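These are the residues of each chain, in order.
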Amino acid sequence: MIVEVLFFGATAEATGERAIEFSLSENVNADEAFAAILKSFPGLQQNFKNSLLFAVNQEYSGGDKIIKNGDELAVFTAVSGG
Amino acid sequence: MIVEVLFFGATAEATGERAIEFSLSENVNADEAFAAILKSFPGLQQNFKNSLLFAVNQEYSGGDKIIKNGDELAVFTAVSGG
Amino acid sequence: MITEKDFFELTTEPIDVGEVARRFVPNDCGATVALDGYVRQFTKGRETLYLEYESYEPMALKEMEKLIAEAHKQFEISLVGIVHRLGRLEIGETSVVISVAAPHRRAAFEGCEWLIRELKRTVPIWKKEIYAGGETWVEGEKNLTADEHR
Amino acid sequence: MITEKDFFELTTEPIDVGEVARRFVPNDCGATVALDGYVRQFTKGRETLYLEYESYEPMALKEMEKLIAEAHKQFEISLVGIVHRLGRLEIGETSVVISVAAPHRRAAFEGCEWLIRELKRTVPIWKKEIYAGGETWVEGEKNLTADEHR
């Protein structure tokens, strides 16, 4: 199945991408999906190790939440607004 | 000697005065001066007993501070700005 | 001591909270906290029609200056502005703005809250509330002894 | 739940702190506390030239709405307004205003301070600092686990 993956700020610069289509196996959960994305962009984990945050359909996510075809995933670093 | 005595808000309404000249003996201190003023305006202590504040020359005052000719005294109730 | 850019004013004109908050923006600061105090229409179900503020003006200005000096001692703040309105104020109109700029927002919040509490306790300003069928001088709390201020 | 008059916005236009603070003045309130956050020129001696803010906009708006709902639960407040700017911001320009109106000022101070702290922790907005000789994405603190937000 295909999901959309969004990058912002530092992760957009590190990947050179802002939005991509990304292939996942059926029935993966959020943890598995983000692991697959990080594997495709090794620079992310190298650069931002512990400060990466994940969202599914505009909600902070992780764990065993099942990902569906067409979901909007996002990978970004700790926020710094204000 | 002569001092000026100012009233504001509720004390101005109670006395019907905003600024008066007031006669005091030489060498009275602030406590004695305010006692003399309250004696001249018995309504003040009746109406505002514990909420009266005193100032001498635009500073909160009382106690044994010596009053001088021409000083500016003020008698008012607990403040309520803001 | 107060700084060159601190300000404290009494006015009978409407107060613009944005103007007070943004009058000076110190270049070592990232945050300004502004308290906008205004005339409440309903207090415990009773409707206020308007308020009248009066002040012992020269003493009020001196007391505001003292508060600002003390705030600089107690809090790591860069700039304080206080503007208090006098005269007749309609519902919703601003009676006081206290604006505090600081390098770090925590001190700005603390300083601003301390300043409004102390202003209500020590600065000689009084308000009369006019409601349907009457009027009354609002009672402040006399939690101030003369001794505290000598 | 948020109320009808709460508001939360992202904008690329300059923010007017006074307009945000005074947009609505609830008739049961007497105080509004506004935080004005802006671009600091000097941080520990280093000079910032300007900042660039970007956001995951739909998620940022959802997170702001959640913060406002939570603030209404935790504090006795009547109204919250949050406006955050995006794009390029010059020194001294306002990046965020959080305005909180309450019947009693204590809750307005507490709610406003809680909201800015949580906004900096959870709302997906990032800033890049441009200084003489370089630029860097400012690191937020990752004191947030995904679990907290499900």
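Now for a description of the structure that goes with this document. (Residues numbered from 1 in each chain as written. Chains lettered and ligands numbered in written order. Predicted model: local features only at pLDDT ≥ 70, side-chain atom pairs only at ≥ 80, totals over all residues. Heavy atoms only, no water.)

As a further point, take the overall build of chain C. Helix and strand counts for chain C stand at three helices and nine strands. When the elements of chain C are put in sequence order from the N terminus, they spell out β-α-β-β-β-α-β-β-β-α-β-β. Seen along its three principal axes, the alpha-carbon backbone of chain C occupies a region of about 50 × 35 × 25 Å. Within chain C, the fraction of its 150 residues that count as buried is 57%. (Helix = DSSP H or I, 4+ residues; strand = E, 2+ residues; numbered from the N terminus. Buried < 20%, exposed > 50% of the residue type's maximum accessible area, 1.4 Å probe, protein only.)

Okay, the pairing of strand 4 (residues 46-55) of chain D next. Residues and elements named next belong to chain D. The sheet contact formed by strand 3 (residues 42-43) and strand 4 spans two bridges and is antiparallel. Pairing of Phe42 across the sheet is with Glu47, part of strand 4. What sits between the antiparallel neighbours strand 3 and strand 4 is a turn of two residues, in which Lys44 has the positive phi angle 45°. Relative to strand 8 (residues 125-131), strand 4 is paired through seven bridges, and the arrangement is antiparallel. Following the sheet pairing, Ser55 is matched in strand 8 by Ile125. Note that strand 4 and strand 6 (residues 87-90) share four bridges and pair antiparallel. (Pairing = 2+ DSSP bridges.)

Turning next to the packing of helix 2 (residues 57-74) of chain C against helix 3 (residues 105-122) of chain C. Residues and elements named next belong to chain C. Packing of helix 2 against helix 3 leaves a shortest axis separation of 10 Å and a crossing angle of 145°. The interaxial crossing formed by helix 2 with helix 3 has right-handed handedness. Contact residues: helix 2 offers Glu63, Leu67, Ile68, Glu70, Ala71 and Gln74, while helix 3 offers Trp114, Leu115, Glu118, Leu119 and Thr122. Of the residues belonging to the contact of helix 2 with helix 3, the class tally is six nonpolar, two polar and three charged. (Axes fitted to C-alpha atoms, helices over the stretch in contact; angles between N-to-C directions. Left-handed = near helix turned anticlockwise from the far one by under 90°. Contact = heavy atoms within 4.5 Å. Nonpolar A, V, L, I, M, F, W, Y, C, P; charged D, E, K, R; others polar.)

Turning next to the relation of the copies chain C and chain D. The transformation that overlays chain C on chain D combines an axial shift of 0.0 Å with a rotation of 180°, and the residual RMSD is 0.0 Å. Such a turn and shift between the copies fits a two-fold axis. Nearest to the rotation axis, the C-alpha of C:Gly18 is located 1.8 Å from it, this being the minimum over chain C. Take the interface residues of chain C: 100% of them recur as interface residues in chain D, which is what a same-surface contact looks like. (Least-squares fit on C-alpha atoms with pLDDT ≥ 70 in both.)

Moving on: the state of the cysteines. Here a disulfide denotes one covalent bond, and it connects the sulfur atoms of two cysteines. Overall, the coordinates contain zero disulfides over all chains when judged by the stated rule. You can see D:Cys112 has no disulfide; the closest cysteine sulfur is in C:Cys112, sitting 9.6 Å from it. You can call D:Cys112 buried: its relative accessible area is 0%. (Disulfide = S-S within 2.5 Å.)

Let's shift gears to helix 3 of chain C. The end-to-end C-alpha distance of helix 3 of chain C, which contains 18 residues, comes to 26 Å, matching closely the 26 Å that a straight helix rising 1.5 Å per residue would cover. In terms of burial, helix 3 of chain C is largely enclosed, as 13 of its 18 residues are buried. (Expected span 1.5 Å × (residues − 1).)

Turning our attention to the packing of aromatic side chains. Summed over the entire model, instances satisfying the criterion amount to 20 aromatic pairs over all chains. Pairing A:Phe76 with D:Tyr56 gives two aromatic rings, centres 6.3 Å apart and planes at 70°, and the pair type is edge-to-face. With A:Phe76 in strand 5 (residues 72-77) and D:Tyr56 in the loop between strand 4 and helix 2 (57-74), this residue pair bridges two chains. Note on accessibility: A:Phe76 and D:Tyr56 belong to one class, buried. With 4.2 Å between their ring centres and 35° between their planes, B:Phe34 and B:Phe54 make a pair best called tilted. Residue B:Phe34 is located in helix 2 (residues 30-40), and its partner B:Phe54 is located in strand 3 (residues 52-56); the two are separated by 20 residues in the primary sequence. Residue classification places B:Phe34 among the buried residues on the basis of a relative accessible area of 3%. Over the face of the ring belonging to C:Tyr131 we find C:Arg46, whose NZ or CZ atom lies 3.8 Å from the ring centre. (Phe/Tyr/Trp six-rings, centres within 6.5 Å; stacked < 30°, edge-to-face > 60°. Lys NZ or Arg CZ within 6 Å of the ring centre and 35° of its normal.)

What follows covers the sheet that holds strand 2 (residues 31-38) of chain C. Ordered in space as 1(C)-5(C)-7(C)-2(C)-2(D)-7(D)-5(D)-1(D), the eight strands form an open sheet in which the pairing is mixed. Where the open sheet ends on each side, the last strands, each with one partner, are strand 1 (7-11) of chain C together with strand 1 (7-11) of chain D. Adjacent strand axes in the sheet meet at a mean angle of 10°, parallel and antiparallel pairs treated alike. Sheet topology places strand 2 (residues 31-38) of chain D next to strand 7 (residues 94-102) of chain D; eight bridges connect them, and they run antiparallel. If you follow D:Val33 over to strand 7 of chain D, its bridge partner there is D:Val100. Each of strand 1 and strand 5 (79-85) of chain C is contacted by helix 2 of chain C, which is oriented at about 155° to strand 1 of chain C, the strand it contacts most.

As a further point, take the packing of helix 3 of chain C against helix 3 (residues 105-122) of chain D. Relative orientation of the contacting elements helix 3 of chain C and helix 3 of chain D amounts to 175°, with a least axis distance of 11 Å. The orientation of helix 3 of chain C with respect to helix 3 of chain D, classified from their angle, is roughly antiparallel. Note on element contacts: helix 3 of chain D touches helix 3 of chain C through D:Arg105, D:Arg106, D:Phe109, D:Cys112, D:Glu113, D:Ile116, D:Arg117 and D:Lys120, opposite C:Arg105, C:Arg106, C:Phe109, C:Cys112, C:Glu113, C:Ile116, C:Arg117 and C:Lys120. A breakdown of the residues in the contact of helix 3 of chain C with helix 3 of chain D according to their chemical character gives six nonpolar, no polar and 10 charged. (Parallel < 35°, antiparallel > 145°, perpendicular 65-115°, else oblique.)

At B:Asn57, a residue that is not glycine, the phi angle is positive and equals roughly 50°. When you line up the elements, B:Asn57 lands in the loop between strand 3 and strand 4 (59-60).

No other pair of the three pairs of chains in contact has as many contacts as chains C and D. Regarding chain A and chain B, the two do not touch, and the least distance separating their C-alpha atoms is 29 Å. Kept free of each other, chain B and chain D leave a smallest C-alpha distance of 10 Å between them.

Counting from both sides, the interface comprises 34 residues of chain C and, opposite them, 28 residues of chain B. Approximately 2,500 Å² of surface area, both sides summed, lies buried where chain C meets chain B, with 55% of it carried by carbon and sulfur atoms. Here chain C is connected to chain B by 16 residue pairs in polar contact (both at pLDDT 80 or more). Residue assignment for the side of chain C that touches chain B shows that the elements contributing at least two residues are strand 4 (46-55), helix 2, strand 7 (94-102), helix 3, strand 8 (125-131) and strand 9 (134-137) of chain C. (Buried area = accessible area lost by both parts, 1.4 Å probe. Polar contact = N/O pair within 3.5 Å; in protein donor to acceptor, adjacent residues only side chain to side chain.)

It is worth spelling out the nonpolar core at this point. Judged by nonpolar contacts, the single largest core of 64 residues is most densely connected at C:Ile98, C:Leu115, D:Ile98 and D:Leu115. Apart from the residues within four sequence positions on either side, D:Ile98 is in contact with D:Val33, D:Ala34, D:Leu35, D:Gly81, D:Ile82, D:Cys112, D:Leu115, D:Ile116 and D:Leu119. Residues A:Phe41, A:Ala55, A:Tyr60 and D:Trp126 belong to the second largest nonpolar core, which totals 36 residues. (Core = buried A, V, L, I, M, F, W, Y, C linked by side-chain atoms within 4.5 Å.)

Note that every value here comes from positions in space, so none of it alone points to a role or purpose.
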